[in-house]
Amino acid sequence: MSNNPINSYEKRINRVCEYIDQNINQELTLDALSDVAAFSKYHFHRIFLVYTGMSVTRYIQLARLKRASYRLAFEKEKRVIDIALEAGFESPEAFARAFKRTFDQSPSEFRGEPNWPEWHLRFQFQPKPYGAIPMNVNVIQFETTKVALLEHLGSPDTVLATAGKFIAWRKATGLSPVKTSKTFGIPYSDPNTTEPEKFRWDVCGTIDTDIPANDYGVKAGIIPGGKCAVIRHKGSHNNLDTSIYAFYREWLPNSGEEIRDYPCFFHYVNFIYEVDECDLITDIYFPLK
């Protein structure tokens, strides 16, 4: 029997997949699925992605479309609208669009003559390939840090507007100045797998004073202390996910460590207006138990 710790992570993800398949008619919440996997909900989406090559939302949709395709092919008497509703779609039109995108056939085309070879290809899941990514991981004790924070809730595409508002507060008040304080970003979920209106990201700056009432929405907060793994990412912020996914896939399963119930967070060591994009430095913290 293999004691490979990576196999342990694969088993936990497989357990989630089995749970989804067995409860496909139920509401499948993030809390429930992360509990099945025994992963923090803040990290579950990314770990699921690196082990299946797709988001958990997409996996659930595929599982429901898989059953729907069987209904179409082998239960000719069943109406398309009933199959669509059973698969969790609000209308036959939405079902038809998703089915066509997935299988390259409309529901009626599939019902008439299923393209089974193409159909099978959709269910050959592969881990998200990254190859070996050089990674220098340090395990440190992060001190509880008092911060000023501005919460962003909405599309990741407008995060920079929130960052600009936080910078304006810094300049207007002289508090948490960029030159003498640290700047952090805390994404509470993966922007690649979160509905835009539900994406939360906090921009933070260290501070050692109280925060007066203000019109910017900046308030006091803390980043909790504790053991953390830290990796340094060099280059564009657009590629942060490459380092994050590599950590979850390559280092964490072999480390003997377990992630804590707090999101990973970023320390922006420098900024795009100071250096070329290729010279950006971002330290990524992964809270550990």
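Residues numbered from 1 in each chain as written. Predicted model: local features only at pLDDT ≥ 70, side-chain atom pairs only at ≥ 80, totals over all residues. Heavy atoms only, no water.

K.L.:
Explain the pattern of salt bridges here, please?
P.N.:
Should their charged atoms come close, side chains of opposite charge can pair. Under the definition given, this model contains 18 salt bridges. A salt bridge links Asp31 to Lys41; the nearest nitrogen and oxygen atoms lie 3.9 Å apart. Separated by 10 residues along the polypeptide, Asp31 in helix α2 (residues 30-37) and Lys41 in helix α3 (residues 41-52) bring together distant segments of the chain. The partner of Asp104 in a salt bridge is Arg122, with the nearest N and O atoms 3.0 Å apart. Here the residue Asp104 occupies a position in the loop between α6 (92-103) and α7 (107-112), and Arg122 occupies one in the loop between α8 (116-121) and β1 (138-142), the gap between them amounting to 18 residues. Salt bridges sharing partners connect three or more residues here, namely Arg67, Arg71, Glu75 and Glu86. (Salt bridge = Lys/Arg side-chain N within 4 Å of Asp/Glu carboxyl O. Helix = DSSP H or I, 4+ residues; strand = E, 2+ residues; numbered from the N terminus.)

K.L.:
Would you mind going over the pairing of strand β7 (residues 265-268) with me for this structure?
P.N.:
Across a regular strand the side chains alternate sides, sitting on one face of the sheet and then on the other. Going residue by residue along β7, you find Phe265 and His267 tucked away on one face and Phe266 and Tyr268 tucked away on the opposite face as well. Relative to β7, strand β3 (residues 183-187) is paired through 2 bridges, and the arrangement is antiparallel. Bridging from a neighbouring strand, Phe184 pairs with His267 of β7. Note: β7 against strand β8 (residues 281-287), 4 bridges, orientation antiparallel. Across the sheet, the residue bridging to Phe265 is Tyr285, located in β8. (Buried < 20%, exposed > 50% of the residue type's maximum accessible area, 1.4 Å probe, protein only. Pairing = 2+ DSSP bridges.)

K.L.:
What's the story with the sheet that holds β7 in this structure? I'm lost.
P.N.:
The pairing of strands in a sheet comes from backbone hydrogen bonds and takes either a parallel or an antiparallel form. What the 8 strands build is an open sheet, ordered β1-β6-β8-β7-β3-β4-β2-β5; its pairing is antiparallel. Two strands lie at the open edges of the sheet, namely β1 and β5 (219-223), each paired on one side alone. On average, each strand axis in the sheet is tilted by 35 degrees relative to the strand beside it, whichever way the strands run. Taken strand by strand, helix α10 (residues 240-255) contacts β1, β6 (226-234), β7 and β8, and its axis lies near 35 degrees from that of β8. (Axes fitted to C-alpha atoms, helices over the stretch in contact; angles between N-to-C directions. Contact = heavy atoms within 4.5 Å.)

K.L.:
Where do I start with the packing of helix α4 (residues 56-74) against α6 in this structure?
P.N.:
In a packed pair of helices, the relevant descriptors are the angle between the two axes and the axis-to-axis distance. Here α4 crosses α6 at 95 degrees, and the two axes come no closer than 11 Å. By the angle class used here, α4 and α6 are roughly perpendicular. Residue-level contacts link Arg58, Gln61, Leu62, Leu65, Ala68, Ser69 and Leu72 of α4 to Phe95, Ala98, Phe99, Thr102 and Phe103 of α6. Of the residues that constitute the contact of α4 with α6, the class distribution is 8 nonpolar, 3 polar and 1 charged. (Parallel < 35°, antiparallel > 145°, perpendicular 65-115°, else oblique. Nonpolar A, V, L, I, M, F, W, Y, C, P; charged D, E, K, R; others polar.)

K.L.:
Explanation requested: unusual backbone geometry in the structure shown.
P.N.:
A positive phi angle is found at Ala38, which is not glycine, with a value near 60 degrees. Even without being a glycine, Ser176 presents a positive backbone phi close to 50 degrees. Assignment of secondary structure puts Ser176 in the loop between α9 (159-173) and β3. Note on Ser176: relative accessible area 4%, which makes it buried.

K.L.:
I'm lost on the side chain of Arg12 in this one. Help?
P.N.:
Note that Arg12 resides in helix α1 (residues 5-22). Reaching out from Arg12, the side chain makes a polar contact with the backbone oxygen of Ala38 at a distance of 2.5 Å. If we ignore the near neighbours within four places in the chain, the residues touching Arg12 are Ala37, Ala38, Phe39 and Glu258. (Polar contact = N/O pair within 3.5 Å; in protein donor to acceptor, adjacent residues only side chain to side chain.)

K.L.:
Could you clarify how one ought to interpret the side chain of Asp283 in this entry?
P.N.:
The residue Asp283 is located in strand β8 in this model. Within the structure, Asp283 has its side chain in polar contact with the side chain of Arg232 (distance 2.7 Å). Apart from residues no more than four positions distant in its own chain, Asp283 is found in contact with Val230, Ile231, Arg232, Phe265, Phe266, His267 and Val269.

K.L.:
Is there a simple way to explain the packing of α3 against α10 in this structure?
P.N.:
At a closest axis distance of 10 Å, the pairing of α3 and α10 adopts a crossing angle of 80 degrees. The angle between α3 and α10 places the two elements in the roughly perpendicular class. Along its contact with α3, which presents His43, Arg46, Ile47, Leu49, Val50 and Tyr51, the element α10 presents Asp241, Ile244, Tyr245, Tyr248, Arg249 and Pro253. Residue composition of the contact of α3 with α10, by class: 8 nonpolar, 1 polar and 3 charged.

K.L.:
Would you explain the packing of aromatic side chains in this entry?
P.N.:
Any aromatic ring pair is given by two values, namely how distant the centres are and how the planes are angled relative to each other. With the rule as written, the count across this model stands at 27 aromatic pairs. Residues Tyr70 and Phe74 carry aromatic rings whose centres are separated by 6.2 Å and whose planes lie at 25 degrees to one another, so their mutual orientation is stacked. Of this pair, Tyr70 and Phe74 both sit in helix α4, 4 residues apart, which is roughly one turn of that helix. Judged by its relative accessible area of 37%, Tyr70 is partly exposed. Their ring planes at 75 degrees and their centres at 6.2 Å tell us that Tyr262 and Phe265 sit as a pair that is edge-to-face. Like Tyr262, the residue Phe265 is buried in the burial classification. Grouped by ring-pair contacts, the aromatic residues Tyr70, Phe74, Phe89, Phe95, Phe99, Phe103, Phe110, Trp116 and Trp119 constitute a single cluster. Above the face of the Tyr188 ring, Arg200 is positioned so that its terminal group lies 3.9 Å from the ring centre. Above the ring of Tyr51, the side-chain terminus of Arg249 is found at 4.8 Å from the ring centroid. (Phe/Tyr/Trp six-rings, centres within 6.5 Å; stacked < 30°, edge-to-face > 60°. Lys NZ or Arg CZ within 6 Å of the ring centre and 35° of its normal.)

These figures come from the coordinates and say nothing about function on their own.
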